Amino acid sequence: MTTAVDLGTLGYNNYGAYLREKYNGQKVYKVIVDGGFTCPNRDGSKGFGGCTYCNVDSFTPEPSRKNPSLKEQLILGRERAVNGYKAEKFIIYFQPNTNTYAPTHYLKLMYDEALSVFPDEVVGLAIGTRPDCIDAEKIALLESYTDKYHVDLEMGMESIYNETLTQINRGCSHEEFVAAVELLKDSKLDLCVHTIFGFPWETREMMRQYIHEINRFPQIKFVKFHHLHIVEGSIMGVKYKRDPFPLFSLEEYTDLLCELIPLLRPDIVIQRLFGISDWDLLIAPNWGLKKSAIQSYMNKEIERRGIIQGSAYVA
Ligand code: SF4
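A brief look at the structure comes next. A quick note: this is a predicted structure, and the numbers were derived from the prediction, not measured. (Residues numbered from 1 in each chain as written. Predicted model: local features only at pLDDT ≥ 70, side-chain atom pairs only at ≥ 80, totals over all residues. Heavy atoms only, no water.)

### Topic: the packing of helix α10 (residues 250-260) against helix α11 (residues 291-304)
Relative orientation of the contacting elements α10 and α11 amounts to 45°, with a least axis distance of 10 Å. Between α10 and α11, the angle falls in the class oblique. Of the two possible hands of crossing, α10 and α11 adopt the one that is right-handed. In this structure, α10 uses Leu250, Glu251, Tyr253, Thr254, Leu257 and Cys258 to contact α11, whose residues at the interface are Ile294, Tyr297, Met298, Glu301 and Ile302. Here the contact of α10 with α11 is built from residues that sort into eight nonpolar, one polar and two charged. (Axes fitted to C-alpha atoms, helices over the stretch in contact; angles between N-to-C directions. Helix = DSSP H or I, 4+ residues; strand = E, 2+ residues; numbered from the N terminus. Parallel < 35°, antiparallel > 145°, perpendicular 65-115°, else oblique. Left-handed = near helix turned anticlockwise from the far one by under 90°. Contact = heavy atoms within 4.5 Å. Nonpolar A, V, L, I, M, F, W, Y, C, P; charged D, E, K, R; others polar.)

### Quick notes on the pairing of strand β2 (residues 89-94)
Regular strands place their side chains on alternate faces of the sheet. In terms of burial, β2 is a largely internal element, six of the six residues being buried. The alternating pattern of β2 places Lys89, Ile91 and Tyr93 and Phe90, Ile92 and Phe94 on opposite faces, both of which are buried. Pairing of strand β1 (residues 28-33) with β2, which is carried by six bridges, proceeds in the parallel orientation. Its bridge partner lying in β2, Val33 is registered against Phe94. With helix α4 (residues 104-115) bridging β2 and its parallel neighbour strand β3 (residues 122-129), the resulting β-α-β unit is right-handed. (Buried < 20%, exposed > 50% of the residue type's maximum accessible area, 1.4 Å probe, protein only. Pairing = 2+ DSSP bridges. Right-handed = clockwise from strand over helix to strand, strands pointing away.)

### Here's the deal with the site of the ligand
Looking at the ligand, there are twelve residues lining it, with Cys39, Cys51, Cys54, Asn97 and Arg130 nearest. A breakdown of the residues in the shell around the ligand according to their chemical character gives six nonpolar, three polar and three charged. (Near = heavy atom within 4 Å.)

### Observations regarding the environment of Leu282
Looking at the secondary structure, you find Leu282 in strand β9 (residues 282-284). Here the alpha-carbon distance between Leu282 and Glu232, two residues 50 residues apart in the chain, equals 6.3 Å. Filtering out sequence-adjacent residues up to four positions away, Leu282 remains in contact with His229, Ile230 and Ser277.

### Focus on the packing of aromatic side chains
Scanning all chains against the criterion turns up 15 aromatic pairs. Between the aromatic rings of Tyr15 and Phe222, the centroid separation amounts to 5.7 Å while the plane-to-plane angle is 85°, which identifies the pairing as edge-to-face. Residue Tyr15 is located in helix α1 (residues 15-22), and its partner Phe222 is located in strand β6 (residues 220-227); the two are separated by 207 residues in the primary sequence. The same class applies to Tyr15 as to Phe222, namely buried. Seen in terms of ring centroids, Phe94 and Tyr111 are 5.4 Å apart; in terms of plane orientation they differ by 70°. Their pairing is edge-to-face. With Phe94 in strand β2 and Tyr111 in helix α4, this residue pair connects regions lying 17 residues apart in the sequence. Grouping residues by exposure puts Phe94 and Tyr111 together as buried. (Phe/Tyr/Trp six-rings, centres within 6.5 Å; stacked < 30°, edge-to-face > 60°.)

Dropping the structure here:
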């Protein structure tokens, strides 16, 4: 369980290397689709307004925002990936909102429709969701696709502290997260956990504890790290404009990553080190660099400091 995969030239298990190895060097690209779902803390069943940092548009690509048809979104997303990145194979990624928040028979219709658009080129399905919208029936549905596809279930943990989860109007406790992870113990699904670092009331020591919590669960295969960023259209955005609070600089956040990566179990693959949103939606922190330049800065710093994933991990 704790055997590291080949780290390549970087000191951490990065998703690019993982995909290249898994798909024999073919270029695999995620195509994001908006299935038109909502969230229980938006529609009133658990609350209104959603998580305070969230504006779903900030992580939904332009074509998906403008084109309601699933098929149209997929065709445009595929075209963009082929023309821009020479993509050869695709993972269909239901990302915005909570993509298991509907009856199972409806979910099946949506997933089947998406998988039928260019079936020969699709290698995987990735489903973004919340811990309180997962149950045995939905897991069984997603597992039914694993004969043909790799299926990632991406679940937001965000913070391990219930005080934080309450403050950000998450509508879901850390205990609910743990219960959902337990449900996935012997699952065929690949579990990816999403976290946010930088809530201004959390200390660095508190953030280190996130990693120890993730390490406890062997079924967690991927992580996505995200720094807190403030976007237009979010409740935090309104508050921040009124009364700004400290956020990570690029240097501070990279320094944190350099502390966290050695603590992380060596077999976990890091899908993402930081979050990104469209320039027109980003309020702060604006690091003034494009995604590739941020990635390159972080990778160089990780390499310069000789950071190795798992080197400080204690089982
Ligand atoms: S962060 Fe996720 S769960 Fe929270 S409101 Fe946004 S889409 Fe919904």
